[in-house]
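Coordinate inspection notes
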Amino acid sequence: MKIKKLYKGVFKLRRSIQVLHCHAVSEKKARINFCMQIATKHNVNVATVLEHFKTGNENFVISEVKDERD
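Here is a short report on the structure shown in this document. Everything quoted here is computed from the prediction, not taken from an experiment.

**Brief notes about the pattern of salt bridges**
This model, assessed by the stated rule, comprises two salt bridges. Among the salt bridges present, the one from lysine 54 reaches glutamate 51, with a minimum N-O distance of 3.0 Å. Given a relative accessible area of 39%, lysine 54 falls into the partly exposed group. Its salt-bridge partner being lysine 66, residue glutamate 64 comes within 3.7 Å of it at the nearest N-O pair. A relative accessible area of 30% places glutamate 64 in the partly exposed class.

**Overview of the nonpolar core**
Ranked by internal contacts, the top residues of the largest apolar core, which has 15 residues, are Phe11, Ala30, Phe34, Phe53 and Ile62. Elements supplying a minimum of two residues to this core: β1 (5-12), β2 (17-24), α1 (27-42) and β3 (60-64). Discounting residues that sit within four places of it in the chain, phenylalanine 11 has contacts with Ser16, Ile17, Gln18, Leu20, Phe34, Ile38, Phe53, Asn59, Phe60 and Ile62.

The rules behind these values
- In this numbering scheme, every chain counts its residues from 1 along its sequence in written order.
- A pLDDT threshold of at least 70 governs which residues receive local features in this predicted model, and a stricter bar of 80 or more applies before side-chain atom pairs are shown or counted, although totals over entire chains, interfaces and linings include all residues.
- In computing side-chain values, all of the structure's heavy atoms are included and hydrogens and water are not.
- When a carboxyl oxygen of Asp or Glu lies within 4 Å of a side-chain nitrogen of Lys or Arg, that pair is called a salt bridge.
- Note on exposure labels: buried denotes an accessible area under 20% of the residue type's maximum, exposed denotes more than 50%, and partly exposed covers the range between, all computed with a 1.4 Å probe on protein chains only.
- Residue types Ala, Val, Leu, Ile, Met, Phe, Trp, Tyr and Cys, when buried and joined through side-chain atoms within 4.5 Å, form a set referred to as a nonpolar core.
- By the criteria applied, helices consist of DSSP H or I runs no shorter than four residues and strands consist of E runs no shorter than two, each listed in order from the N terminus.
- Should any heavy atoms of two residues lie within 4.5 Å, those residues are counted as being in contact.

Right, dumping it as C-alpha cells:
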C-alpha cells in the first residue's frame, strides 16, 4: 500500500491565483486531484482543466508539503 503525501498546488487562473491542498500517492495524481477540485468549483469539464494545466506548463506549481506550516 502506497502512503499518501500532502501536496500544495498553486494555480494561475485568468485573474486569480488558487492555492489548493490534497493528499495523493504522487505529484502526478495530485495534479489530477487539483484539476478535479478546480473543475468542480468552476462548474467546467475536468478534461478542459487538465488541458489548461498540462504537465510542463508554467501556470501552476505543485510541491510536497514537508511541514504542516507550508
